[in-house]
Amino acid sequence: MESRRKNDFSQGSIPKNILSLAIPLTVAQLTVVLYNVVDRAFIGHIDAIGRDAFTGIGLVMPVTYIITAFANLCGTGGAPLCSIARGEGDEGRASRIMGVSFTFLLLLGAALTAVFYLFHEPFLYLVGGSPDTVEHARSYLLIYLAGTIPVMIGLGMNPFINAQGFGRTGMMTTLLGAVINLILDPLFIFVLGMGVRGAALATVIAQVCSAAWVLAFLTGRRAILRLDRGSLGLDGPILRRVCGLGLTGFTFSVTNSLVQAIGNAQLQSYGAPSGTGDLYVAAMTAITSVREIVFQPIRGLTQGAQPVLGYNYGAGRYGRVRESIRFLTVSCLAYNVVVWLLLLAFPGVFILLFNDDPALLEVGVKTMRIYYAAYVMMSFQMIGQNTFVALGRAKQAVFFSLWRKVVLVMPLMLVFPRFWGPAGVFAAEPVSDVVGGGICYLTMMATVGREMRERELAE
């Protein structure tokens, strides 16, 4: 009973409620990113083969995005529904939603592992690989795939811990894995001389530990909603709702994979005549790796607000929903303005985290300033999308996820290089930030914002 009273988000300060979940969640998500980014940083500094190996890891990124996408399908689809059910006082249904999501997640993990083991080589060439870089990508990927199910459990089930109000426990899920990864990476890569394979093995071990932590909590006594045999299995109506709402997180990650794949392929193609294809793919890998890091506080804030938004919506506290949206807007913009200015002012510092090759530094500085020209507008995209998700508005959430990446970024990546060469691939991003982010936020305020205001007045 004490946990239930403590995690009643219809009471207390909105900023405090959101930050109590967002801060641990942000730390947790940053450490998730470190699984992959730290690998890239260490790999990029391996003597003699650093740049080629780093470029090869860039080819693996679409695979990791796809695995994350299917984890998000279960996690970002099921966790908000749990929050709404809890707000309505139906914890039995909330527990069943979690069990169905977990069952489906395991089935998806097994299928993805098999598919990528069978078709990894043609996939790596399809996403912009060359003979020099695919060799390193294959060495990493074949080991990394052994951790597919554990990484999906860590990513897909951790939102259910946060949805119950245990933000610190959710943070520990990924802190545990990150610390293990940080210790094992240099040991395996440099001390034991395993190179790229060592980075992959360190990541797999870390993912297994994170998954074990999640399962230990969700099946233990501290959890409000427990993962037990009675909650497992598939349920058609629940699964449809989970997948419908989870399509937002799914499309966000899978379209990241498609954008990365198309970008790499275009850069390889337009850089081929001058022999700079691998160089531009390396620059894109560094730039998107930086984005993964700086983006996490925005993601943490918006996803940390989801249980608060969903709980208050389910409890009929519409004024608190509006207050949450206002807090998100101010805090996300304040953070993103600072990050935006730093990225434009000191791009070389960020590139050097991954490789010190002079040619890569020159290309990376130029293309980073193009890529991040309008990055501040991403705040509006994330606030709008995550508000739709938190309130169970699956259609709007999925539409705006597809709108930015499929309707805007991908076509522009195909068209712009015809006029500006490889630089055109990077220029697609700021255009989509402005158009996609602006329209998403304005639509959210015109629909959700207006509805919450009208309901608040009618209370």
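The preceding data block contains the structure.
There is a patch of nonpolar side chains on the surface, built from Leu187, Phe190, Val191, Leu192 and Met194 and spanning about 450 Å² of accessible area. Along the chain, Val191 turns up in helix α7 (residues 167-191). Under the relative-accessibility criterion, Val191 is labelled exposed at 62%.

On to the environment of Leu25. Relative to the helices and strands, Leu25 is located in helix α2 (residues 14-44). Along the chain, Leu25 and Val407 lie 382 residues apart, while their C-alpha atoms are 30 Å from each other. If near-sequence neighbours (up to four positions away) are discounted, Leu25 is found in contact with Asn162, Gly300, Gln303 and Gly304.

With that out of the way, let us pick up the packing of helix α15 (residues 394-415) against helix α17 (residues 422-458). The interhelical angle for the contact between α15 and α17, taken along N-to-C directions, is 155°, at an axis separation of 9 Å. Here α15 is positioned roughly antiparallel relative to α17, judged by the angle of their axes. Of the two elements, α15 crosses α17, and the hand of that crossing is right-handed. In this structure, α15 contributes Phe400, Trp403, Arg404, Leu408, Val409, Leu412 and Met413 to the contact, and α17 contributes Val425, Ala428, Glu429, Val431, Ser432, Asp433, Val435, Gly436, Ile439, Cys440 and Thr443.

Helix length check: helix α10 (residues 277-314) (38 residues) gives 52 Å between terminal C-alpha atoms against 56 Å at 1.5 Å per residue, within 8%. Approximately 40° is the largest bend angle found in α10, and it occurs at Phe295, with the proline Pro297 only one to four residues beyond. Across the 38 residues of α10, 36 count as buried, placing the element largely inside the fold. Just downstream of α10, Gly316 is the residue with a positive phi angle, here 75°.

A word on the pattern of salt bridges. Counted under the stated rule, the structure contains six salt bridges. Across the salt bridge formed by Arg393 and Glu451, the nearest N and O atoms sit 2.8 Å from each other. Of the two residues, Arg393 is situated in the loop between α14 (378-390) and α15 and Glu451 in helix α17; the sequence distance between them amounts to 58 residues. What emerges from the salt-bridge pattern is a single network uniting Arg291, Arg404, Glu429 and Asp433.

Let us now look at α15. The first and last C-alpha atoms of α15 sit 31 Å apart over 22 residues, in line with the 32 Å expected at 1.5 Å per residue. Approximately 35° is the largest bend angle found in α15, and it occurs at Trp403.

This part covers the side chain of Asn386. For Asn386, the position within the fold is in helix α14. Separated by 2.9 Å, the side chain of Asn386 and the backbone oxygen of Met382 make a polar contact. Beyond its immediate chain neighbours, meaning those up to four positions away, Asn386 contacts Thr302, Gln303 and Gln306.

So, on to the nonpolar core. If you look at the biggest cluster of nonpolar residues, it comprises 138 residues, and the most contacted ones within it are Tyr140, Met152 and Met157. By residue number, the principal contributor to this core is α10, which donates 18 residues.

Within the structure shown, the criterion is met by 13 aromatic pairs. Seen from their ring centres, Tyr140 and Tyr144 are 5.8 Å apart, and the 20° between their planes marks the pair as stacked. Residue Tyr140 and its partner Tyr144 are located together in helix α5 (residues 131-144), separated by four residues, close to a single helical turn. The exposure class assigned to Tyr144 is buried, which follows from its relative accessible area of 3%. For the ring pair Tyr313 and Tyr318, a centre distance of 6.1 Å and an interplane angle of 70° mean the geometry is edge-to-face. The exposure class of Tyr313 is buried, given its relative accessible area of 18%. Grouping aromatic residues by their ring pairs yields a cluster made of Phe388, Phe399, Phe400 and Trp403.

Calculation notes
- Residues numbered from 1 in each chain as written.
- Predicted model: local features only at pLDDT ≥ 70, side-chain atom pairs only at ≥ 80, totals over all residues.
- Heavy atoms only, no water.
- Patch = residues over 30% accessible without salt bridge, like charges linked within 9 Å, V, L, I, M, F, W, Y side chains within 5 Å.
- Areas by Shrake-Rupley, 256 points an atom, 1.4 Å probe, with all protein chains shown as cover.
- Salt bridge = Lys/Arg side-chain N within 4 Å of Asp/Glu carboxyl O.
- Helix = DSSP H or I, 4+ residues; strand = E, 2+ residues; numbered from the N terminus.
- Buried < 20%, exposed > 50% of the residue type's maximum accessible area, 1.4 Å probe, protein only.
- Contact = heavy atoms within 4.5 Å.
- Axes fitted to C-alpha atoms, helices over the stretch in contact; angles between N-to-C directions.
- Parallel < 35°, antiparallel > 145°, perpendicular 65-115°, else oblique.
- Left-handed = near helix turned anticlockwise from the far one by under 90°.
- Expected span 1.5 Å × (residues − 1).
- Bend = angle between axes of the 7 residues up to and from the residue.
- Polar contact = N/O pair within 3.5 Å; in protein donor to acceptor, adjacent residues only side chain to side chain.
- Core = buried A, V, L, I, M, F, W, Y, C linked by side-chain atoms within 4.5 Å.
- Phe/Tyr/Trp six-rings, centres within 6.5 Å; stacked < 30°, edge-to-face > 60°.

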